[in-house]
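Geometric and topological summary
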Amino acid sequence: MKEYQTSEIRNVAFLGHMSSGKTSFGEAALYVGKAIEKKGEIDKKNTVGDYTPEEQNRLTTLTASLLPVEWKQVKINFLDTPGSEEFIGEVGNVLNVADGALVLIDATKGVEVGTERVWQELRKRNIPTIIVINKMDKENIKYDLVLESIRTKLTNHAVEFTLPLGTQDNFTGLVEVMGKKAYLGESCANSAIPANLSGKVDDLYNTLLERVAESSEELLEKYFGGEELTPEEISGGLRQALMSGDLFPIIAISSLKNIGVCTVLDMIAEYLPAPNQVKTPAGFDPKTKAEIVREVKSDAPVSGIIFKTTIDPFVGTLSFFKLFSGSIKTGQEVYIAETDTTAKLTQINMARGKTQIPLDVVNAGDIACVAKVSEFANNLTFSDKKEPIVL
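The following paragraphs examine the structure supplied in this document. (Residues numbered from 1 in each chain as written. Predicted model: local features only at pLDDT ≥ 70, side-chain atom pairs only at ≥ 80, totals over all residues. Heavy atoms only, no water.)

What about the state of the cysteines?
The final tally for this structure, using the stated rule, is one disulfide. At a sulfur-sulfur separation of 1.4 Å, the disulfide partner of Cys188 is Cys262. Of the two residues, Cys188 sits in the loop between β9 (181–184) and β10 (189–191) while Cys262 sits in helix α9 (residues 261–271), which places them 74 residues apart along the sequence. Residue classification places Cys188 among the buried residues on the basis of a relative accessible area of 16%. Residue Cys262 is classed as buried on the basis of its relative accessible area, which comes to 5%. (Disulfide = S-S within 2.5 Å. Helix = DSSP H or I, 4+ residues; strand = E, 2+ residues; numbered from the N terminus. Buried < 20%, exposed > 50% of the residue type's maximum accessible area, 1.4 Å probe, protein only.)

Here it is in structure tokens:
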């Protein structure tokens with residue numbers, strides 16, 4: 001895997017009620033992004049995300065897993081999370097390092113209790129969020145009722161960025177509103193917009209343009225002055241509205257058929273923030289307790305946090321971390337102020353499920369892991385010994 005700079009990284013958690021299709025979406029994203037050649041299946045116990053024996057026996061996600069996907073010059077670090085309420089602590093640890101999120105909703109059920117619970121966690125942290133209506137290929141779908149449940153139970157700032165082409169066995173693709181294009185199948189082949197949807201596409205397009213205009217006084221004045229907004233202004237305005245919590249895109253997909261997955265990946269790359277586009281993490285000096293603010297850039301002093309530790313039967317203890325600032329290389333030593341110890345990062349890896357891929361360097365904003373570093377534990381900060389910090 002190539003080296004990615006901060007602006008090319010997206011750290012995205014996906015969450016939802018149990019059985020909303022999170023694991024299946026992870027497989028579809030890996031497949032569409034060409035990270036795997038064949039999709040695993042939950043019933044066959046061979047998915048990338050649910051790799052522990054207990055998860056395979058219970059056919060459900062019990063622990064967070066990292067699923068990186070390379071997509072159009074961007075590395076998306078997907079963080080799959082458990083849907084059960086008993087693992088809300090695990091979800092919280094993941095959200096502490098996520099810069100964006102997907103909330104998956106079962107199209108046959110609409111918003112459920114677990115959906116509302118994770119939504120509240122996301123809103124507490126002001127994490128930009130895309131809403132994904134999954135399982136559009138299933139029977140007994142009432143799409144309009146699902147939309148109503150989103151707007152009444154989650155937010156009235158949710159707007160369809162896509163329109164589904166059919167449902168159940170007839171779900172063949174979607175219309176992307178801002179581009180005014182239809183895409184068919186898992187290949188996202190271009191197609192003409194059906195005549196019966198053109199009016200609705202125009203209405204949604206105008207709604208989104210208004211949201212863009214409201215993102216800044218300059219655009220508002222230009223829009224109501226009758227001037228046409230440029231594609232760059234539209235894209236930037238949508239991103240700003242999403243970042244500020246004034247807009248939550250809705251996308252309808254089928255993870256099983258891989259339909260709409262490429263559109264989700266496109267929207268993550270286009271609209272969700274890179275690590276240096278979110279609030280700068282603040283910490284404190286371990287000696288003076290004075291506040292320290294580190295910029296999320298690779299030439300800043302090193303600072304990172306361990307957000308997950310697990311035991312692998314083959315490689316031992318695995319410590320997952322997010323590097324908030326600086327750049328680190330395999331073999332480098334880091335300092336842990338809370339315990340006044342130094343740890344050597346003998347080999348840094350990128351994890352994809354249980355697979356470890358060696359890395360030479362990790363830049364600010366990225367997520368990676370190290371094995372057999374006994375000095376690491378959950379929620380500990382590591383940094384440069386000459387410029388220590390506790391996050």
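What about helix α8 (residues 231–243)?
The first and last C-alpha atoms of α8 sit 18 Å apart over 13 residues, in line with the 18 Å expected at 1.5 Å per residue. Every buried residue of α8 is listed here: Ile234, Ser235, Gly237, Leu238, Ala241 and Leu242. Projection of α8 onto a plane perpendicular to its axis shows the buried side chains occupying an angular sector of 165 degrees, all on one side. For α8, the secondary structure elements touched by its buried residues are β5 (129–134), α6 (198–213), β11 (248–252) and α9. Looking one or two places after α8, you find Gly245, whose phi comes out positive at around 80 degrees. (Expected span 1.5 Å × (residues − 1). Arc of directions from axis to C-beta. Contact = heavy atoms within 4.5 Å.)

Regarding the packing of α6 against helix α7 (residues 217–224)
Between two packed helices, both the angle of their axes relative to each other and the distance between the axes serve to describe the pair. Closest axis-to-axis distance for the α6/α7 pair is 7 Å, and the angle between their directions is 135 degrees. Judged by the angle between their axes, α6 and α7 are oblique. Residue-level contacts link Asn206, Leu209, Glu210, Val212 and Ala213 of α6 to Leu219, Leu220 and Tyr223 of α7. Grouping the constituent residues of the contact of α6 with α7 by class yields six nonpolar, one polar and one charged. (Axes fitted to C-alpha atoms, helices over the stretch in contact; angles between N-to-C directions. Parallel < 35°, antiparallel > 145°, perpendicular 65-115°, else oblique. Nonpolar A, V, L, I, M, F, W, Y, C, P; charged D, E, K, R; others polar.)

Considerations on the pattern of salt bridges
If you walk through the whole model with that rule in mind, you get eleven salt bridges. The salt bridge involving Glu121 is made with Arg125; its shortest N-O contact spans 2.9 Å. Taken together, the residues Glu121 and Arg125, both in helix α4 (residues 113–125) and four residues apart, mark about one turn of the helix. A salt bridge links Asp202 to Lys180; the shortest N-O distance between them is 3.1 Å. Of the two residues, Asp202 sits in helix α6 while Lys180 sits in the loop between β8 (173–176) and β9, which places them 22 residues apart along the sequence. Exposure remark for Asp202: the relative accessible area of 35% places this residue in the partly exposed category. One network of salt bridges, with partners in common, ties together Glu121, Lys124 and Arg125. (Salt bridge = Lys/Arg side-chain N within 4 Å of Asp/Glu carboxyl O.)

Comments concerning the packing of aromatic side chains
Going through the model one piece at a time under the given rule, you end up with nine aromatic pairs. Each ring, one from Tyr223 and one from Phe224, has its centre 5.1 Å from the other, and the planes form 80 degrees; the classification is edge-to-face. When its relative accessible area of 64% is taken as the criterion, Phe224 is described as exposed. Through a chain of ring-to-ring contacts, the aromatic side chains of Phe14, Phe25 and Phe78 assemble into a single cluster. The cationic tip of Arg123 hangs over the ring face of Trp119; the distance from NZ or CZ to the ring centre is 4.8 Å. Sitting above the plane of the Tyr205 ring, Lys180 keeps its charged end 4.4 Å from the centroid. (Phe/Tyr/Trp six-rings, centres within 6.5 Å; stacked < 30°, edge-to-face > 60°. Lys NZ or Arg CZ within 6 Å of the ring centre and 35° of its normal.)

Examining the nonpolar core
Residues Phe25, Phe78, Leu102, Leu238 and Ile268 are the most contacted members of the largest nonpolar core, which totals 55 residues. Ranked by residues supplied to this core, first place goes to α9 with eight residues. In this structure Leu102 touches Val12, Ala13, Phe14, Leu15, Phe25, Phe78, Ile130, Val132, Val264 and Ile268, once residues within four positions along its chain are discounted. Listed in part, the 42 residues of the second largest apolar core include Val97, Leu122, Ile141 and Cys369. (Core = buried A, V, L, I, M, F, W, Y, C linked by side-chain atoms within 4.5 Å.)

Things to note about the side chain of Glu121
Residue Glu121 is classed as buried on the basis of its relative accessible area, which comes to 15%. A distance of 3.2 Å separates the side chain of Glu121 from the side chain of Lys124, its partner in a polar contact. Excluding residues that lie within four positions of it along the chain, Glu121 makes contacts with Ile88 and Leu95. (Polar contact = N/O pair within 3.5 Å; in protein donor to acceptor, adjacent residues only side chain to side chain.)

Observations concerning the sheet that holds strand β1 (residues 9–16)
Here we have seven strands laid out as an open sheet, ordered β2-β3-β1-β4-β5-β11-β6, and mixed in their pairing. Sheet topology places β2 (65–71) and β6 (158–160) at the edges, where each strand pairs with a single neighbour. Pairs of neighbouring strands in the sheet enclose a mean axial angle of 30 degrees, with direction left out of account. By the bridge criterion, six bridges tie β1 to strand β3 (residues 74–80) in an arrangement that is parallel. Note on β3: the bridge partner recorded for Ile9 is Lys75. (Pairing = 2+ DSSP bridges.)

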